[in-house]
Amino acid sequence: MSTTPALVINGLVSGITTPEVIDALLERYQEPITDLEKEQSSLNQQADDYRQISTDLQGLLTAAQALSGESAWNLATSSTSDSAVAVSVASPGAETGSLTFRVNQLAQASILASEDGVASEDDPVTSASSVLLATGVQALGFSSLTPGSGLGLGSLTMVVTQASEGASVRGSGALASTTGISSSDDTLTLTVGGVAHTLTIASGTYTQNQLAAAVTQAAKTAGVALTVSLTTTDALELQTTEQGSAASLGVTGGTSLASLRLSAGESGVGTDAVVTIGGARTTLTAINPGARLTLNAPDGATLSATIGSASSPTGALVAEGTAKLANVSTGNGSLAAVVAAINGSGLTATAGAVKTASGDYILEVSAQKTGVANAVSVGSAAFSGSSLGALETVVSAQTAEVTVGGTHGYTLSSSTDSFTNLLQGTTVTVVSTGQATVTVTPDATGEATKVTALVTAANKVLSDIQRYAGYTTTTKTGGPLMGDVTVDDIKQQVLSVFSTASGSSSLGDLSAAGVTLTKTGTVSFTRTSFVKAFGADSSGVRALFTQDGSFSPSSSSFTGGVSFAFAGTTTPTGTYAVSVSHSAAQATDVGTARPTGTVTAAETLTMQSGSLSAQYTTTAGETLAEVAAGLNASLASAGIAVSAAVVGTTLELKSTSYGSAASFSVSSTASGTGTTGLGGPAATSPVTFHGEDVAGSIGGVAATGNGQELTAPNGLSVQVSATGISATTDLGTLDYVAGAAQQLETVADAASNPETGSITGVISSLVQEATGLDPQISTYEQMRTAEKTVLENEFARMEQALGKLEDEGSTLSSAIDKLATT
């Protein structure tokens, strides 16, 4: 007979409610299951309670981290004395202080428009097959560009890699504050471009600026194209208007040399401008305002460029920078086709067919960005003699300009109306001309907001600990975690920080910054008290919260040689001995001694750092100082953090940074007698130089060096700037103090760290214990299921038996009935 359980329904024969009877019989099997499930639920609920407290502590950790480090207190706020002139926004870490400036002009975008118009946008306006557009050429010094022969369609980039300079001579020192000129000392003889000239200065008594103006007037009278100015040190400087190597200037004599601080024999030669267009290079040797010069373009093509007036800050007629060019097809020559071609050029310029009051359509071309560096220009040749006429400047491109300081002040410019270089970290946007003062101060309100977040997070921790582990006197009941040592300890640690923490501050405790404990065991924060205290002593308030360390040198020779860098979350407060076995070093290449201070053989030096490369070619007879200057210019241009210097009679290359990560290589086209000796005797092959990391111990434990930074295993890090150490040396001790935020960060991390936190461990144990009940529950459930199957089968068989008896009874009764009738 099959043992498969029968379908159990209420007893059809017996009339018994079979499922209810079976359930009643199974209760003794269900009891252990129910007990275990209750235990498991309780464990999971406890884990959830701990998770909530852990989540609260993670919130406290985040709030504390926003205040524990020195850099966390770098919020700044700015204001301007006249918002109608300028407005400002200070970023975190902005330089504090005040700066007064005058706004000379605002930035403008250039707009060009045709003189005349046409009746319809479809009317022809040019017979030229293309038109040359450009943005940014004015900033390079070119007032206009015209396509020459062979220029194809497409986009090109113009780059001025070397700016032009005029020939110049400079006085040996500052002019006297007042100088008298008479007929006995009023002449200055010069050669300009090889031609002799005599300048006669008008008699009189002059200030420094007046004397420079008098020399300027004397040059004009003599017909000499000179620019006369004062240097930042008030020395007189003469420079030819013509720029490039064709320009020359020499001082030959005169009776005013002593007054002007000039010497006969001084001379100078101008500097060429180097221009590349699409890779095609042109060297400009004779550059004058208004001159038309030919520039090379790709595939043998040329452009004609007109030189403007020197408007760059350096006075260069051709200034370094980049411009964009596009030679676009004019299509069928209609106004609509020209507009479409300009708009599709890819340059930051927009063209439109503008309907005038007379009903005609003119061509208007606008730069999309402000500033001379973004000014738009259109080759005039395409519209020469056309119905549009010449394109005129409606609005000139203009950079925003501000002047800081008085007579010896300086002027700054920006392509937009925003300046980021007036005060570091503050963006100043000019609104109109006039004078304004920008003031940047520490942002007490912003820091108060972060302290508010800290106090709120701490109160959330304390509130939930009270909820889950505290005792409520009104209901005389305790929380589910009441008596838990771990949670109680966390509560006491948090309260202790707010009641005792003072960090390295001289202000005492947190109450000085408006943070106090209440009688009910919560933390209170008075924002106005904090703002007042921060305004009076921002560093003292900051020290209440942050980590800090002070170094006590073992001898005066190590004063300033070690400074606190940072501490880890788990770093204990205390005093740590700092010992160094060797100090950090820069990567250094020392050349060969040159007793005469000059090199007698030429070489080309190549310096590489990572993917960056720089070259400099020396010449025989060049001094080591001149070589160093040339190397530094090349290295700076390439962005390589290495500098050259003359040390005694040798030339040295040295990385800016310290440590093993600082490295560079040097190679030379020559080696041996007369060269710099950089790169070593086998300099023709690259030789690599590396720095060294500092090595030593902190608190008697070996620490890890990274550049000048020495870090202990507990997270305490110091900056070791002491140099020349090659043997184990006791430098002194560092006293590390953790402020309130740092202490709270330590408490929160110790409890809620996802890997090592004390509460994390409790949660893990509870989850493990709850999960461990699953096999027991499963076993009892299997026993209950098996017993239920047995009972169901037994009741099914009983019903079958009763049914059979009932059938037999019916049969017997029927038989008796039949006998009775016969």
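Residues numbered from 1 in each chain as written. Predicted model: local features only at pLDDT ≥ 70, side-chain atom pairs only at ≥ 80, totals over all residues. Heavy atoms only, no water.

## Considerations on the overall build of the chain
Along the chain, the regular secondary structure elements total 13 helices and 49 strands. Radius of gyration (C-alpha) of the chain: 44 Å, far over the 28 Å computed for a compact globule of 822 residues. Scored against the burial criterion, the 822 residues of the chain give a buried share of 43%. Within the chain, counting contacts between residues at least 6 apart in sequence, those at least 24 apart form 69% of the total. As displayed, the chain offers around 38400 Å² of accessible surface, 51% of which is attributable to carbon and sulfur atoms. (Helix = DSSP H or I, 4+ residues; strand = E, 2+ residues; numbered from the N terminus. Rg over C-alpha atoms; globule rule 2.2 N^0.38 Å. Buried < 20%, exposed > 50% of the residue type's maximum accessible area, 1.4 Å probe, protein only. Contact = heavy atoms within 4.5 Å. Areas by Shrake-Rupley, 256 points an atom, 1.4 Å probe, with all protein chains shown as cover.)

## Examining the packing of helix H6 (residues 444–469) against helix H8 (residues 527–536)
At their nearest, the axes of H6 and H8 sit 9 Å apart, and the two run at 135° to each other. The orientation of H6 relative to H8 falls into the category oblique. For the crossing formed where H6 meets H8, the hand is right-handed. Listed contacts from H8 to Ala444, Thr445, Glu447, Ala448, Thr449, Val451 and Thr452 of H6 are Arg527, Phe530, Val531 and Phe534. Across the contact of H6 with H8, the residue classes break down as six nonpolar, three polar and two charged. (Axes fitted to C-alpha atoms, helices over the stretch in contact; angles between N-to-C directions. Parallel < 35°, antiparallel > 145°, perpendicular 65-115°, else oblique. Left-handed = near helix turned anticlockwise from the far one by under 90°. Nonpolar A, V, L, I, M, F, W, Y, C, P; charged D, E, K, R; others polar.)

## Remarks on the sheet that holds strand S26 (residues 400–404)
Pairing in this open sheet of five strands is antiparallel, and the strands run S1-S30-S3-S26-S27 from one edge to the other. For this open sheet the edge positions go to strand S1 (76–80) and strand S27 (410–414), each flanked by a neighbour on one side alone. Taken pair by pair, the neighbouring strands of this sheet meet at an average axis angle of 30°, ignoring direction. Across four bridges, strand S3 (residues 97–105) lies against S26 in antiparallel orientation. Counterpart to Phe101 in the pairing with S26 is Val404. (Pairing = 2+ DSSP bridges.)

## Focus: the pairing of strand S18 (residues 280–284)
In S18, alternate side chains face the same way, and those of Ala280, Thr282 and Leu284 are buried while those of Arg281 and Thr283 on the opposite face are not. Sheet analysis places strand S17 (residues 273–277) next to S18, joined by five bridges and oriented antiparallel. In the sheet register, Thr276 faces S18, and the bridge partner there is Arg281.

## Describing the packing of helix H1 (residues 18–68) against helix H11 (residues 740–752)
The geometry of H1 relative to H11 is characterised by a closest axis approach of 8 Å and an angle of 150° between their N-to-C directions. What the angle tells us is that H1 and H11 run roughly antiparallel. At the point where H1 passes H11, the crossing takes the left-handed sense. Listed contacts from H11 to Ser54, Leu57, Gln58, Leu60, Leu61, Ala64, Gln65, Leu67 and Ser68 of H1 are Ala741, Gln742, Leu744, Glu745, Ala748, Asp749, Ala751 and Ser752.

## Notes on a negative patch on the surface
Taken together, the side chains of Glu20, Asp23, Glu27, Glu31, Asp35, Glu39 and Glu769 define an acidic patch exposed on the protein surface. Tracing the backbone through its elements, the reader meets Asp35 in helix H1. Relative accessible area serves as the criterion here: at 48%, Asp35 is assigned to the partly exposed category. (Patch = residues over 30% accessible without salt bridge, like charges linked within 9 Å, V, L, I, M, F, W, Y side chains within 5 Å. Salt bridge = Lys/Arg side-chain N within 4 Å of Asp/Glu carboxyl O. Lys, Arg positive; Asp, Glu negative; His and termini not counted. Charge placed at Lys NZ, Arg CZ, Asp CG, Glu CD.)

## Looking at the nonpolar core
Counting 56 residues, the largest nonpolar core has Leu60, Phe530 and Phe545 as the members making the most contacts within it. Elements with a contribution of two residues or more to this core: H1, H6, helix H7 (485–500), strand S34 (523–525), H8, helix H9 (538–545), H11 and helix H12 (758–772). Judged by nonpolar contacts, the second largest core, of 27 residues, contains Ile181, Leu188, Leu226 and Leu249. (Core = buried A, V, L, I, M, F, W, Y, C linked by side-chain atoms within 4.5 Å.)

## Comments concerning the packing of aromatic side chains
Within this structure, the stated rule accounts for seven aromatic pairs. Taking the centre distance of 6.3 Å and the plane angle of 35° together, the rings of Trp73 and Phe530 count as tilted. Within this pair, whereas Trp73 is found in the loop between H1 and S1, its partner Phe530 is found in helix H8, the two being separated by 457 residues in sequence. Looking at Trp73, the relative accessible area reads 6%, which means it is buried. Given the relative accessible area of 0%, Phe530 is considered buried. Ring geometry for Phe525 versus Phe530: centroids 5.8 Å apart, planes at 70°, classification edge-to-face. Pair check on accessibility: Phe525 and Phe530 agree, each one buried. A connected cluster of aromatic rings, assembled from ring pairs, spans Trp73, Phe525, Phe530, Phe534 and Phe545. (Phe/Tyr/Trp six-rings, centres within 6.5 Å; stacked < 30°, edge-to-face > 60°.)

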